[in-house]
Amino acid sequence: MENKDKSLPKEENEKSTITAAIPVSGEKQTMTSGVERGAEDEKKIMALSEDPTKVKFINSANNSSMAMAGLSDRHNNGDAKVDIENVQIAFAGMGKDELLKFADDPFWVRLRWTFFILFWLVWLAMLVGAIVIVVKTPGCPPLPTREWWQKGLIYQVYPASFKDSNADGRGDIKGIESKLHYFKELGVNTIWLSPIYKSPMADFGYDISDFQDIDPTFGNLDDFKSLLVTAKAKGLKVVLDFVPNHSSDRHPWFEKSRQRIGNYSDYYVWADGTGPDKKNPPNNWVSVFDGSGWTYDDVRGQFYFHQFLKEQPDLNYRFPAVREEIIKVLQFWLNLGVDGFRVDAVNHLVEVEDLRDEPQSNVSGTKPTDRKSVV
């Protein structure tokens, strides 16, 4: 930029270059005019102009370096420009050469390689450890193989109402056999037959008078054998409802037991009564169907115990001969081809030997013969 003051001679104008320096740190250095401060300012300017890290403001009348000007020239005004082309910026960190010096230093080279090798050793150790854990840790045990009765569909059939094959108004075994294809279409694997044993039917067939025969209302053993053969051919299994807790009071075992004939005398749970005439029940046990669990038998002169109806006396499983009889019954049906049994009332099989009273429940509104009256 040209100096706008035309009044000065060219030679003098060229010598009137004004130099000012401002520190990077933000110090303000202001040029003042006046003869009285000229000498002091001139010394400061000369000192700062020699510092390459300072920013220089140069008069635009000429682009020469900042020269010392006479004191008479400092009052001249003019435009200025910032000369940063030759400014050297101070660098507080390490330079390239210094960094390379340390990079090539044997100590730092060894340290870098140490950390590099250590990193990969740790990584490799972790990898090996993970592999060892995977290989050595025992896997989950295989799922146990489930038996046929633990999987698939089981269809319960109540024979008396399922299918009547002879129009007598009551379902039978032949009627069940005629519908085996129906079970297959449903995806059934097993059919479970409610009691079909010989029975007076006081409790829908659960009062059994012969554990090894078929009740005539359902057919006979030959009909049952035919059902088993056809079911096997269709891939169906047959399960029988089995009632080991008691029999019918018309079972031959009970008839002999009440007469105290041989071992049959102990086939059932018998006990003497209480009271002066021995006609009171032995204890406070009640039936599942309410009422006392004891019934007096005039023939034997004792009470017999029944968890259910009085027509269903409980077998005495503390007597070994009873257990042997039941095993024979089960084996009989298995030999015919039955696949299994659904066992009924197993929680009632055994009674305490001392026949002690049940604790009272103290439920309000109950009678001593109510099921809820005892715990």
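Predicted model only: the values in this text are computed from it and were never measured.

(A) Structural detail: helix H10 (residues 320-336). Taking 1.5 Å of rise per residue, 17 residues should cover 24 Å, and H10 covers 25 Å from first to last C-alpha, within 8% of that figure. Residues of H10 that are buried include every one of Ala321, Val322, Glu325, Ile326, Val329 and Trp333, and no others. Along the long axis of H10, the arc covered by the buried residues comes to 140°, so they all point the same way. Exposed and oriented more than 90 degrees from the buried face of H10 are Ile327, Lys328 and Asn335. Where H10 terminates, the next one or two residues include Gly337, which has phi positive at roughly 120°.

(B) Just the nonpolar core, in detail. By size, the foremost hydrophobic cluster in this structure holds 40 residues, and its most contacted members are Ile191, Leu193, Ile196, Phe224, Leu240 and Trp333. Every element with two or more residues in this core is listed here: helix H6 (173-178), helix H7 (180-186), strand E5 (188-193), strand E7 (210-214), helix H8 (221-233), strand E8 (237-242), helix H9 (252-258) and H10. It is H10 that provides the largest number of residues to this core, a total of five residues. Beyond its immediate sequence surroundings of up to four residues, Ile191 is in contact with Tyr155, Ile176, Leu180, Phe183, Lys237, Val238 and Val239. Core analysis: the second largest hydrophobic core is formed by seven residues, Val269, Trp285, Trp294 and Phe305 among them.

(C) How the structure looks around the pattern of salt bridges. For the coordinates displayed, the defined rule picks out nine salt bridges. The residue Asp344 makes a salt bridge to Arg342 at a minimum N-O spacing of 3.0 Å. Look at Asp344 and you get buried, because its relative accessible area is 15%. One continuous salt-bridge network, built from bridges that share partners, spans Asp241, Arg342 and Asp344.

(D) Main features of the sheet that holds strand E11 (residues 302-305). Taken together, three strands build an open sheet; the order of strands is E9-E11-E10 and the sheet is antiparallel. One side of each edge strand has no neighbouring strand; the edge strands of this open sheet are strand E9 (270-271) and strand E10 (294-297). As paired elements, E9 and E11 share two bridges and run antiparallel to each other. Within E11, the position partnered with Trp270 by the bridge is Tyr304.

(E) Highlighting the packing of H8 against H10. Packing of H8 against H10 leaves a shortest axis separation of 10 Å and a crossing angle of 55°. Viewed along their axes, H8 and H10 adopt a mutual orientation that is oblique. The segment H8 lies against H10, with Leu221, Phe224, Lys225 and Leu228 engaging Phe332, Trp333 and Leu336. Looking at side-chain class alone, the contact of H8 with H10 contains six nonpolar, no polar and one charged residues.

(F) Up close: the sheet that holds E8. An order of E4-E5-E8-E12 is seen for the four strands of this open sheet, with the pairing classed as parallel. Across the chains shown, the open sheet's two edge strands, defined by having one partner strand only, are strand E4 (153-157) and strand E12 (340-343). Here the strands of the sheet are splayed against their neighbours by 30° on average, with no regard to which way each runs. One ladder, built from five bridges, connects E4 with E5; its direction is parallel. Pairing of Tyr155 across the sheet is with Ile191, part of E5. The sheet strands contacting H10 are E8 and E12, and the helix crosses E8 at an angle near 155°.

Rules and cut-offs
Residues numbered from 1 in each chain as written. Predicted model: local features only at pLDDT ≥ 70, side-chain atom pairs only at ≥ 80, totals over all residues. Heavy atoms only, no water. Helix = DSSP H or I, 4+ residues; strand = E, 2+ residues; numbered from the N terminus. Expected span 1.5 Å × (residues − 1). Buried < 20%, exposed > 50% of the residue type's maximum accessible area, 1.4 Å probe, protein only. Arc of directions from axis to C-beta. Core = buried A, V, L, I, M, F, W, Y, C linked by side-chain atoms within 4.5 Å. Contact = heavy atoms within 4.5 Å. Salt bridge = Lys/Arg side-chain N within 4 Å of Asp/Glu carboxyl O. Pairing = 2+ DSSP bridges. Axes fitted to C-alpha atoms, helices over the stretch in contact; angles between N-to-C directions. Parallel < 35°, antiparallel > 145°, perpendicular 65-115°, else oblique. Nonpolar A, V, L, I, M, F, W, Y, C, P; charged D, E, K, R; others polar.

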